[in-house]
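Observations on the model geometry
These are the residues of each chain, in order.
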Number of protein chains: 2
Amino acid sequence: MSHDGNPPPSAPRASGDAGELILREEPRPEDGPRIREIVESTKFFHPYEVEIAQELVEERLAEGIGSGYFFVFADRGDRTIGYSCYGPTPCTAWTYDIYWMAVDQQDRGGGLGRILLERTEQRIHEMGGRRIYIETSSSEKYLPTRAFYERTGYRVDAVLEDFYGPGDAKVIFVKVLPPL
Amino acid sequence: MSHDGNPPPSAPRASGDAGELILREEPRPEDGPRIREIVESTKFFHPYEVEIAQELVEERLAEGIGSGYFFVFADRGDRTIGYSCYGPTPCTAWTYDIYWMAVDQQDRGGGLGRILLERTEQRIHEMGGRRIYIETSSSEKYLPTRAFYERTGYRVDAVLEDFYGPGDAKVIFVKVLPPL
């Protein structure tokens, strides 16, 4: 991954697809509405889920890292095209949750999900995390999501039948990280 | 359960053990600090967990039921002696979590845990809940907690090994409720 690091303040900004991919971690006020657009663009989430995605950014902006929410944003040129949201799981010694991962519909298929996931895992590891949990649905719609996590080294730790609704289980994935 | 219902505003209040047990659901400003005392008295929780218990009451007081946190408080005379905190699980159709249940150390052993649990389950059922989840630790210390939930009709739905820390699993209990 050569396209990482926070942009130096004076970096020239390209626009459109030609821009360099930049990963940054400090949220900005404009990230809230943009995250909403990204999450909506995937057509994967209910309106109340979209609401929560935006709220987590706002909470982080209001409360800082005390909010418990951390982010990786992927910018290309002056456009944010994907992000992850993660954080330490309250009341645990070494466990982290990845709460959200989304890539704008028109930027999918370029491997950005994996780049975001790798940066997120790297940060969790640096913060002392040893177990990463990701929860998703067992429904047909989430088959690509589950396949993605299986390809990237996650295993199914538990399945809670009918959790989201009738016939819709919660699938809990875990990845165990080595000691630092 | 004859000792239920919110107290009428004019109800005379006994003090000490002689008072009638009253269950109420509307949080008051003084509940935050008192919940902290109750949770601390059990010697079951870390300081940051005690903090969270109090915060959930404050969040409910600030945001109302939009906070997603609901409560049952048990008062005897002018003393609150136990409580439960529960709410609908975000992004699910029919699932509720019971987040906290605690009884003051000096009021344990009188069946109050079961009374609080039954009222909580009744409310969840009335709100359309069909699945109740309770999470606890696999450690020795929580053996009485796990035994309590097994006695009251919960079954272990999943065990996430090493979730809280090395050798300390998360045990997820579930109770399935019938249709209303």
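One structure accompanies this document, and this report is about it. Because the structure is predicted, anything quoted here is derived from the model rather than measured. (Residues numbered from 1 in each chain as written. Chains lettered and ligands numbered in written order. Predicted model: local features only at pLDDT ≥ 70, side-chain atom pairs only at ≥ 80, totals over all residues.)

Things to note about the overall build of chain A
Test applied: Helix and strand definitions follow DSSP, with helices as H or I runs of at least four residues and strands as E runs of at least two, each counted in order from the N terminus. As a reference, a globule follows 2.2 Å times the number of residues to the power 0.38, and the radius of gyration itself is taken over C-alpha atoms. Buried, partly exposed and exposed are defined by the number of other C-beta atoms within 10 Å of a residue's own C-beta, namely 20 or more, between the two limits, and 12 or fewer respectively, with C-beta atoms placed from the backbone. In this description, any two residues whose backbone-derived C-beta atoms lie within 7 Å of each other are considered to be in contact.
Along the backbone of chain A there are 4 helices and 7 strands. Listing each helix as α and each strand as β along chain A from the N terminus yields β-α-α-β-β-β-α-β-α-β-β. Relative to the 2.2 N^0.38 estimate, which gives 16 Å for 180 residues, the radius of gyration of chain A is 16 Å and therefore close to what a compact globule would have. Taken along its principal axes, the extent of the C-alpha atoms in chain A is 50 × 35 × 30 Å. In chain A, which comprises 180 residues, the share counted as buried stands at 33%. Of the contacts made within chain A by residues no fewer than 6 positions apart, 51% connect residues no fewer than 24 positions apart.

Digging into the sheet that holds strand E7 (residues 168-176) of chain B
Residues and elements named next belong to chain B. Keep this limit in mind: Whether two strands pair depends on DSSP finding at least two bridges between them. The angle between two axes is taken between their N-to-C directions and runs from 0 to 180 degrees, where each axis is a line fitted to C-alpha atoms and a helix contributes only its stretch in contact.
Strand order in this open sheet of 7 strands is E1-E2-E3-E4-E5-E7-E6, and the pairing throughout is mixed. Where the open sheet ends on each side, the last strands, each with one partner, are strand E1 (21-24) and strand E6 (155-165). Neighbour to neighbour, the strand axes of the sheet diverge by 25° on average, direction disregarded.

A word on the sheet that holds strand E3 (residues 79-88) of chain A
Adjacent strands of a sheet form backbone hydrogen bonds with each other and so pair up, either parallel or antiparallel. All names here are of chain A. The 7 strands are arranged E1-E2-E3-E4-E5-E7-E6 in an open sheet whose pairing can be described as mixed. Either end of the sheet is taken by a strand with one partner, and the two such strands are strand E1 (21-24) and strand E6 (155-165). Between one strand axis and the next, the sheet turns by 25° as a mean value, whatever way the strands run. Looking at chain direction, E3 and strand E4 (residues 95-103) are connected through 7 bridges and run antiparallel. In the sheet register, Gly-82 faces E4, and the bridge partner there is Val-103.

Focus: the interface of chain B and chain A
We count it as follows: Gly is put with the polar residues, along with every residue not named as nonpolar or charged; the nonpolar set is Ala, Val, Leu, Ile, Met, Phe, Trp, Tyr, Cys and Pro, and the charged set is Asp, Glu, Lys and Arg.
Contacts between the two partners involve 18 residues from chain B and, on the opposite side, 18 residues from chain A. Among the secondary structure elements, those contributing two or more residues to the side of chain B that touches chain A are helix H2 (47-63) and E6 of chain B. In terms of residue count, the dominant contributor to the side of chain B that touches chain A is E6 of chain B (7 residues). Classifying every residue of the side of chain B that touches chain A gives 11 nonpolar, 3 polar and 4 charged.

Some points on the packing of helix H1 (residues 31-41) of chain B against H2 of chain B
Residue and element names in this part refer to chain B. Heads up, the rule is: Each angle gets one of four labels, with under 35 degrees taken as roughly parallel, over 145 as roughly antiparallel, 65 to 115 as roughly perpendicular, and the rest as oblique. When the near helix sits turned anticlockwise from the far one by under a right angle, the crossing is termed left-handed; a clockwise turn instead gives a right-handed crossing.
Following both chains from N to C, one finds H1 and H2 inclined at 155°, their axes separated by 8 Å at the closest point. Classed by the angle they form, the pair H1 and H2 counts as roughly antiparallel. You can see that H1 and H2 cross each other, and the crossing is right-handed. Taken together, the residues of H2 that come into contact with H1 (itself represented by Asp-31, Gly-32, Ile-35, Arg-36, Val-39 and Glu-40) are Val-50, Ala-53, Gln-54, Val-57 and Glu-58. A breakdown of the residues in the contact of H1 with H2 according to their chemical character gives 5 nonpolar, 2 polar and 4 charged.

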